[in-house]
Every structure is written in C-alpha cells, then in structure tokens.
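If you want the building blocks of each chain, they are given just below.
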Amino acid sequence: MAGIFDITLTDPEGNVLPARALALVRPDGTPVPLFASLTATEPLASNVVTTDPRGQALAFCSGTVEVRDAITGAVLRSAVEVLPYTAPEAMPVSVEQAKALKKVVGLPPAGCAA
C-alpha cells in the first residue's frame, strides 16, 4: 500500500505557488516511486508532480520524501514522512479529507457515516 502525499506549496510570504514542478526524492537523492493509486500496483514513469492553481499537489507514495524544485533542484521541504495507508481510523484527517478518501479507496472513514 502507498500513502497519500498532500502538500500546499507557498513562498515565505504565504502566497501559493501554482504550476510548480516538484521532484519527490529520498534524502539520498534517489527518486521516490510514485503510483497511480493507493494500492501501489501501477507505478508511474516519473517522480515529478505539478502544483495546481491553488499550489497543491497530491501523489501516492510512501517513506521519507524530500520535495525539490524540479528545475533548480532547490530543497523546498525535507523529511516529509508519508505512511502507508492501512485503515481510515489510523489517519488524523478532516471531515473533507475523510470524504475524499472514501471516494478514493471506497472505505468509510472513521467518524463519518457510511
């Protein structure tokens, strides 16, 4: 199983950074394997994701992730731990995230009516 890597990228002033290419790598610089879903059965060909108009990016992966600018290589976030998704009740999520996860994996999240 993969986990859900979810980030909102902002500059030091708090402005979101849309359409920013991010390379997800391990602390040693090797690419993080990304997957098409939480089941981690369909690997993607690239370890690069792009932020949306709100500066958000989502990927399915697991382990320790370092976020780098895909063009300059600058480290934007270090040591982000992405845990494998095992059970809805194991994740501290908001109601909105819980509803989104229910749609993604088809399981009723903890604290939500099925």
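Everything below is about the structure shown above.
This text gives an overview of the structure that appears in the document. Everything numeric in this text was worked out from a predicted model, so none of it was measured.

Summing up its helical and strand segments, the protein chain has one helix and six strands in all. Each helix and strand of the protein chain, ordered N terminal to C terminal, gives the series β-β-β-β-β-β-α. Within the protein chain, the proportion of its 114 residues that are buried is 29%. Counting contacts in the protein chain only where the partners sit at least 6 residues apart, residues at least 24 apart contribute 59% of the total. A total accessible area of about 6600 Å² is found for the protein chain, and carbon and sulfur atoms account for 58% of it.

As defined by bridge partners, strand S2 (residues 21-25) adjoins strand S5 (residues 63-69) across four bridges and the pair is classed as antiparallel. Its bridge partner being in S5, Leu22 is matched across the sheet by Asp69. Of the strand pairs in this sheet, S5 and strand S6 (residues 75-82) are connected by five bridges, and their pairing is antiparallel. Its bridge partner being in S6, Gly63 is matched across the sheet by Val82.

Criteria and cut-off values
- In this numbering scheme, every chain counts its residues from 1 along its sequence in written order.
- For a predicted model such as this one, the threshold for reporting local features is a pLDDT of at least 70, and the threshold for listing and counting side-chain atom pairs is 80 or more; totals across whole chains, interfaces and linings nevertheless cover every residue.
- By convention in this description, side-chain values take in all heavy atoms of the structure and omit both hydrogens and water.
- Strands here are runs of E lasting at least two residues and helices are runs of H or I lasting at least four, both read from the DSSP assignment and numbered beginning at the N terminus.
- When accessible area is computed with a 1.4 Å probe and restricted to protein chains, residues below 20% of their type maximum are described as buried, those above 50% as exposed, and intermediate ones as partly exposed.
- What makes two residues a contact is simply this: any of their non-hydrogen atoms within 4.5 Å.
- The protein chains shown are the only cover counted for residues, whose accessible areas, like all others here, come from Shrake-Rupley with a 1.4 Å probe.
- Any two strands are treated as partners once DSSP identifies two or more bridges connecting them.

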